[in-house]
Structures are given as structure tokens and as C-alpha cells.
Amino acid sequence: QVQLVESGGGLVQPGGSLILSCVVSGIYADTYRMGWYRQAPGNEREKVAIITPGMIVHSGDSVKNRFTISRDDGQNMVWLQIKNMTVDDSGVYYCYLWRLHDQSSYWGQGTQVTVSS
């Protein structure tokens, strides 16, 4: 059974930083694109960043250089570092795996991030 488990969410003050982690089990993630999406209340889920097996990064339209995605296939993990956070960064952050050649994809359950003073 494939599982994606996110961690690292929580309450952060504006201007603060956070590192989200996602560990994958049940498959080897080295052939998958790994990434993060987020969903704020009342909004659609949007892409934050994707990193390919070749370490190419694709960022979402609303993402600035405050976000850094990284992966370690040996640990089957992907991370998202967010710096200088604003209230607009609040939402549920989801880990995501997708593979092109067979269109297989998987989602984590999400981790809540709240930016508030």
C-alpha cells in the first residue's frame, strides 16, 4: 500500500519559516515527480512546486522565490522550505507523486499550515 505522510505544519508568525516533509512508503519514488500543492479555505488546490527525478523544479504561478523544494530518493522523501511567510501562505499542504509513463499518482493526507500573529 502506497502512503505519503506529511509533517512539519503548524502555526507560524508572519515573517517566519517552515520546512514541510513528506515520506513515501510502499513504492520507490525515484521515477516519480514529487511535489507540493496547497489549498486555502474556499480556494482550489494549487500547485506550489514540483521536482522531477532529474532535479528540475517547476514552480506554481503564485510561488515566489520564498519556496524551495528538494528531494532525496534514497530516503524516499521530499521537502518544502518556506521563508518569510505571509498569511496568504496559510492552508493545507499536500504531498504529491506522479509518473508520466503510466499516469500513476498519489496524494498525502495533508498538513495544516497557519500563518498568524
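Read on for an overview of the structure. Computed from a prediction, not measured in an experiment: that's the story for all the values here. (Residues numbered from 1 in each chain as written. Predicted model: local features only at pLDDT ≥ 70, side-chain atom pairs only at ≥ 80, totals over all residues. Heavy atoms only, no water.)

Side note on the nonpolar core
Here comes step 1: In this structure, Leu20, Trp36, Val48, Val78, Leu80, Tyr93 and Leu97 are the most contacted members of the largest nonpolar core, which totals 26 residues.
Here comes step 2: At the level of elements, strand E3 (18-25), strand E4 (33-39), strand E5 (46-51), strand E7 (67-72), strand E8 (77-82), strand E9 (91-98) and strand E11 (111-115) are the ones that each hand at least two residues to this core.
Here comes step 3: Of all the elements, E3 adds the most residues to this core, at 4 residues.
Here comes step 4: Once residues within four sequence positions are removed from consideration, Val78 is found in contact with Leu20, Ser21, Cys22, Met34, Trp36, Ile51, Ile69, Ser70, Arg71 and Cys95. (Core = buried A, V, L, I, M, F, W, Y, C linked by side-chain atoms within 4.5 Å. Buried < 20%, exposed > 50% of the residue type's maximum accessible area, 1.4 Å probe, protein only. Helix = DSSP H or I, 4+ residues; strand = E, 2+ residues; numbered from the N terminus. Contact = heavy atoms within 4.5 Å.)

Looking at the pattern of salt bridges
Here comes step 1: Evaluation of the coordinates by the stated rule reveals 5 salt bridges.
Here comes step 2: Here Arg38 ties to Glu46 by a salt bridge, and the two come within 2.7 Å at their closest N and O atoms.
Here comes step 3: Between Asp89 and Arg38 there is a salt bridge; the shortest N-O distance is 3.0 Å. Within this pair, whereas Asp89 is found in the loop between E8 and E9, its partner Arg38 is found in strand E4, the two being separated by 51 residues in sequence.
Here comes step 4: One connected set of salt bridges, linked through shared partners, spans Arg38, Glu46, Arg66 and Asp89. (Salt bridge = Lys/Arg side-chain N within 4 Å of Asp/Glu carboxyl O.)

Some points on unusual backbone geometry
Phi is mostly negative for residues that are not glycine, and the peptide bonds are mostly trans.
Here comes step 1: Even without being glycine, Asn76 reaches a positive phi, approximately 60°.
Here comes step 2: Turning to its location among the elements, Asn76 is positioned in the loop between E7 and E8.
Here comes step 3: Despite not being glycine, Asn84 has its phi angle at roughly 45°, a positive value.
Here comes step 4: Tracing the backbone shows Asn84 in the loop between E8 and E9.
Here comes step 5: A relative accessible area of 47% means that Asn84 is categorised as partly exposed.

Side note on the state of the cysteines
Here comes step 1: Tallied over the full model, the rule gives 1 disulfide.
Here comes step 2: The side chain of Cys22 participates in a disulfide bridge whose partner is Cys95; the two sulfur atoms lie 2.1 Å from each other. Handedness of the Cys22-Cys95 disulfide follows from its S-S torsion of about -85°: it is left-handed. Of this pair, Cys22 sits in strand E3 while Cys95 sits in strand E9, placing them 73 residues apart in sequence. Considered together, Cys22 and Cys95 belong to a single accessibility category, that of buried residues. (Disulfide = S-S within 2.5 Å.)

Notes on the environment of Gly108
Here comes step 1: Summarising the element assignment, Gly108 is placed in the loop between strand E10 (105-107) and E11.
Here comes step 2: Residue classification places Gly108 among the buried positions, given a relative accessible area of 7%.
Here comes step 3: Between the C-alpha atom of Gly108 and that of Gly16, which follows or precedes it by 92 residues, the distance is 24 Å.
Here comes step 4: Non-local contacts of Gly108, meaning those with residues more than four positions away in its chain, are made with Leu4, Glu6, Tyr94 and Cys95.

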